[in-house]
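Okay, here's what each chain looks like letter by letter:
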Amino acid sequence: IVTEGGRLDSKVKEIIAPGSCIEICSTRIEDGVVRGLLTSGGYISLFSSLGKASIAGSRGGAVGAAASKIGSGQMFAMPVPLGTYQNLQDGLVITSGVSSTSPMITKLKKDACAEIVETRVEDGRVRGRIQSVIYGGATTGANGFIN
């Protein structure tokens, strides 16, 4: 559930589908719930240290199938971790900009590893900014984005 304001009792702006990609530009804590400001506007609940019953009526997040238990709290959105990823397909395109329609720089070979140092959401997809590529034991600098 996306609300207009950061407070848990703010007016509902929209409901996003489970599994949707979102981009958070800042966070705040409101009554034990970590709220994220979306780059597209509005707030969602990211994590609650409260039990499910305590926030179900607060309209603070997508309580239910999309939520997962972490310790005594619940997580409503999962971050995409940064790090080294192995390419599982031949010819994965690296573009010069965050948009998937940006000019192509090169293509990654299967089994090449890319170090992802930043993620962004573009057209409903997570794009990762590459800092380096490792293939056949050799590391090369890279600057571009992949899906």
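Just so it is clear, the model here is predicted, and its values are computed rather than measured.

Asker: Where do I start with the overall build of the protein in this structure?
Answerer: Looking only at helices and strands, the protein has one helix and 13 strands in total. Starting at the N terminus, the α and β elements of the protein follow one another as β-β-β-β-β-α-β-β-β-β-β-β-β-β. Considering only residue pairs separated by 6 or more positions, the protein has 38% of its internal contacts joining residues 24 or more positions apart. Looking at the protein as shown, the accessible area adds up to about 8,400 Å², and 53% of this sits on carbon and sulfur atoms.

Asker: How should I be thinking about the layout of surface pockets in this particular structure?
Answerer: Where empty space is left in the structure can be found by rolling a water-sized probe over the atoms. The space that makes up the second largest pocket amounts to roughly 260 Å³. Y85, L92, I116, I146 and N147 are the residues nearest the centre of the second largest pocket, which is lined by 18 residues in total. Those elements that place two or more of their residues in the lining of the second largest pocket are β8 (83-86), β11 (113-122) and β12 (125-135). Class assignment for the residues of the lining of the second largest pocket results in 11 nonpolar, six polar and one charged.

Asker: I keep staring at the environment of L50 and nothing clicks. Help me out?
Answerer: You can see L50 is positioned in the loop between β5 (43-48) and α1 (52-56). With 17 residues separating them in the primary sequence, L50 and V33 have C-alpha atoms 7.4 Å apart.

Asker: I would appreciate a short explanation of the pattern of salt bridges in the present structure.
Answerer: Side chains that differ in charge, positive against negative, can pair when their charged atoms come close. Scanning the model with the defined rule gives five salt bridges in all. E30 serves as the salt-bridge partner of R28, at 2.8 Å between the closest nitrogen and oxygen. Residue R129 pairs with E118 through a salt bridge whose shortest N-O separation is 2.8 Å. Here R129 is found in strand β12, whereas its partner E118 is found in strand β11, with 11 residues between them in sequence. A single network of salt bridges, built from pairs that share partners, joins R7, D9, R28 and E30.

Asker: Honestly, the nonpolar core in this entry has me stumped. Any pointers?
Answerer: Soluble globular proteins tend to pack their nonpolar side chains together in the buried interior. One finds L92, I94, L108, A112, A114, I116, I130, V133 and I146 forming the largest nonpolar core, which totals nine residues. Elements represented by at least two residues in this core include exactly β9 (92-95), β11 and β12. Every residue in contact with V133, bar those within four places of it in the chain, is listed here: L108, A112, C113, A138, T139, T140 and A142.

Asker: I would appreciate a short explanation of the confidence of the model for the protein in the present structure.
Answerer: Taken as a whole, the protein shows an average pLDDT of 83; of its residues, 85% reach a score of 70 or greater. Ranking the elements of the protein by mean pLDDT puts α1 last with 39 and strand β2 (residues 12-14) first with 95. Taken together, the stretch residues 52-67 has pLDDT below 50 and engages in 33 contacts with residues farther than four places along the chain or on a different chain.

Asker: It is not clear to me how the side chain of S102 should be interpreted in this structure. Could you clarify?
Answerer: As for its placement among the helices and strands, S102 is situated in the loop between β9 and β10 (104-108). Relative accessible area serves as the criterion here: at 17%, S102 is assigned to the buried category. Beyond its immediate chain neighbours, meaning those up to four positions away, S102 contacts T95, S96 and G97.

Thresholds, definitions, all that
- Residues numbered from 1 in each chain as written.
- Predicted model: local features only at pLDDT ≥ 70, side-chain atom pairs only at ≥ 80, totals over all residues.
- Heavy atoms only, no water.
- Helix = DSSP H or I, 4+ residues; strand = E, 2+ residues; numbered from the N terminus.
- Contact = heavy atoms within 4.5 Å.
- Areas by Shrake-Rupley, 256 points an atom, 1.4 Å probe, with all protein chains shown as cover.
- 1 Å grid on protein atoms, 1.4 Å probe; cavity = no way out; pocket = protein on both sides within 12 Å on 5 of 7 lines; lining within 4 Å.
- Points joined across faces, edges and corners; volume = space filled by probe spheres on them.
- Nonpolar A, V, L, I, M, F, W, Y, C, P; charged D, E, K, R; others polar.
- Salt bridge = Lys/Arg side-chain N within 4 Å of Asp/Glu carboxyl O.
- Core = buried A, V, L, I, M, F, W, Y, C linked by side-chain atoms within 4.5 Å.
- Buried < 20%, exposed > 50% of the residue type's maximum accessible area, 1.4 Å probe, protein only.
- pLDDT = per-residue confidence, 0-100.

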